[in-house]
Structure formats: structure tokens, C-alpha cells
Amino acid sequence: MNKDEQVKTSASGHLICPRCGTETNRHAEKPDYSADPSAPSFDPVLGAALMEFHTCPGCRYVIERGARGGRA
Amino acid sequence: MSTQAAPRTKPLFIPVILGTPRKGRYSEHVAKFVTGEIARYPGVETQLVDVRDLPMPVTGAGEDVKDPAFSELCMRADAFILVAPEYNHGIPGLLKHVLDTNLKEYIHKAVGICGVSAGGFGGTRVIQNMLPILRELGLVTIFWDGNFSNVGSLFGEDGKILDAAYGRRLEKFFKELIWMATVLRYGRENVTME
């Protein structure tokens, strides 16, 4: 249950669940104000790193990772 | 306009969290009663989780001290029922500590609160105090609450509730929680934020 997991992406752009291989669904974002400003997901407009949450419909696993392209 | 129930191929998992470790706690009777009542609903699985049983160091901070088994349970859950006694109008310290150990496991899941108090207000003040905390954890609260007043005389020596009206009162609470859990599970699994 790591933050910022490295997982595969499907051809349709969804993250692949590392437990069961099902395409996950990105359904939430949250700012992380404790993040280092040098983090790739740090967004200076927000003043925080933007975290994404992806739920697996197959096994309910949740992936948390920094948003890609968060830096403005 | 006609409506129909959303199909649920998987049962909803709605654990009940007993939020106090104190000796002599009447909230244990409440938690057992609530667990038994929610278990009657078709398509719902439940489990009583006692914060007293969680190996939770109090010197760590938030997710640094998460218990893997508890986190897995939270990840599996579709909704939560929190049984919270009111201590000096506030939330029990250990319950707050336990809740703080997870985040992603809660996001966009439903939560209902059963307040417990020695007096006649049914834990309304602890419920109100918990709402902003639960929101920040990503949980979605419901309109209905469970309010257990005068808890010192509400249960018999065998732990059975003495006022049968509580079962009827909780029906609305359970129905809304199940509705919210169903809708949010559909959203988590199918509605994409882009």
C-alpha cells in the first residue's frame, strides 16, 4: 500500500491494478501540502502536490499516486 | 417516472467500528446491537472492529503507523458505521488516532455515526464534532444518525437492548447508508474524474 505506486497503464490510459490486473478508475484528487516542492507532482498554483486515487472494480484495491503533469 | 434498484453483484461490506477502548464501556453493547441489525439486510456483510484490538502505537503520526490488516479491511469496505461515545462533548482520542492512520482507503465511501451518551442527547455533540474530520478523510456522511441516549440504563445485564424502538429508528439510518454506499461504489468504479 505504497504512495506513488509504479503501475502499468492500459492502452485506454487507465492504471492497471497491481493485484488483479483489472483497469482501475480515477475518481478522486487531493492536495498534499506536506509534499516537497521538487516532487514531480507538485503544482505551484495549488502550492501542493496533487494526489490521484484510482479504485479497482475487480478487487477494490486503491492506487494513490502523484498526478502526472502536475507541475505547471 | 419509474425507478429501479441499481444492480449489486457484490455484497456491500459495512464494518462497524467500536470507537472506545475504555473499561466498562456501554458503547460495546451499542456496537454489538448495531452490528446485529445491519447484518439483517440482504446483500450486506458486516464485521465488528474494536479499536481496543488494533495494534496502534500512539507515538507515530497518521499513516506511518497504519495496521496492515485494518487498512485492508478499510479498503474492502464500501461504508463504515462509527460507534462513538461522547467524552467531554468530543471524539474519543483513540478513535481519532485510528481514523488518522488511513486515507486512500476511505475516499468516496459512505459513513454513518452512532453517537452514545450517558445523558439525553444521544451523542449529538460528538457527531457534530466528527463531521469535519470525516470530510477531510474523504468520507461521505449521511443525513441520518444513530442516537443512543441514557446508555447506562439502555441495556440489560445480558447486553440486550431494553427499548425496542431503537431498531425501528435505525432503519432509516441503515437504508440511507446502504443507498449512499451503493451509489458511491458505482461512482468509484465507473465515473471517471478527468
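A brief look at the structure comes next. (Residues numbered from 1 in each chain as written. Chains lettered and ligands numbered in written order. Predicted model: local features only at pLDDT ≥ 70, side-chain atom pairs only at ≥ 80, totals over all residues.)

Here we look at the overall build of chain A
Broken down by element type, chain A carries 0 helices and 4 strands. Listed N to C, the secondary structure of chain A is β-β-β-β in terms of helices and strands. Across the 72 residues in chain A, those meeting the buried criterion constitute 28%. In chain A, of all internal contacts separated by at least 6 residues, the share reaching a separation of at least 24 is 48%. (Helix = DSSP H or I, 4+ residues; strand = E, 2+ residues; numbered from the N terminus. Buried ≥ 20, exposed ≤ 12 C-beta atoms within 10 Å, placed from the backbone. Contact = placed C-beta atoms within 7 Å.)

Observations concerning the pairing of strand 6 (residues 109-116) of chain B
Residues and elements named next belong to chain B. Within strand 6, 8 of the 8 residues are buried, which leaves it mostly tucked inside the rest of the structure. Both faces of strand 6 are covered, namely the face carrying K109, V111, I113 and G115 and the face carrying A110, G112, C114 and V116. The β-α-β motif built from strand 5 (residues 79-85), the intervening helix 3 (residues 93-99) and the parallel element strand 6 has right-handed crossover chirality. Across 3 bridges, strand 6 lies against strand 7 (residues 139-141) in parallel orientation. (Right-handed = clockwise from strand over helix to strand, strands pointing away. Pairing = 2+ DSSP bridges.)

As for unusual backbone geometry
Note: most residues except glycine have negative phi, and most peptide bonds are trans. Residue and element names in this part refer to chain B. Even without glycine at this site, H89 takes up a positive phi of about 70°. You can see H89 is positioned in the loop between strand 5 and helix 3. Classification of H89 by C-beta neighbours within 10 Å gives partly exposed; the count is 13. At N150, a position not held by glycine, the phi torsion is positive, near 45°. In this structure, N150 sits in the loop between strand 8 (146-148) and helix 5 (165-190). Accessibility expressed as a C-beta count within 10 Å gives 14 for N150, which makes it partly exposed.

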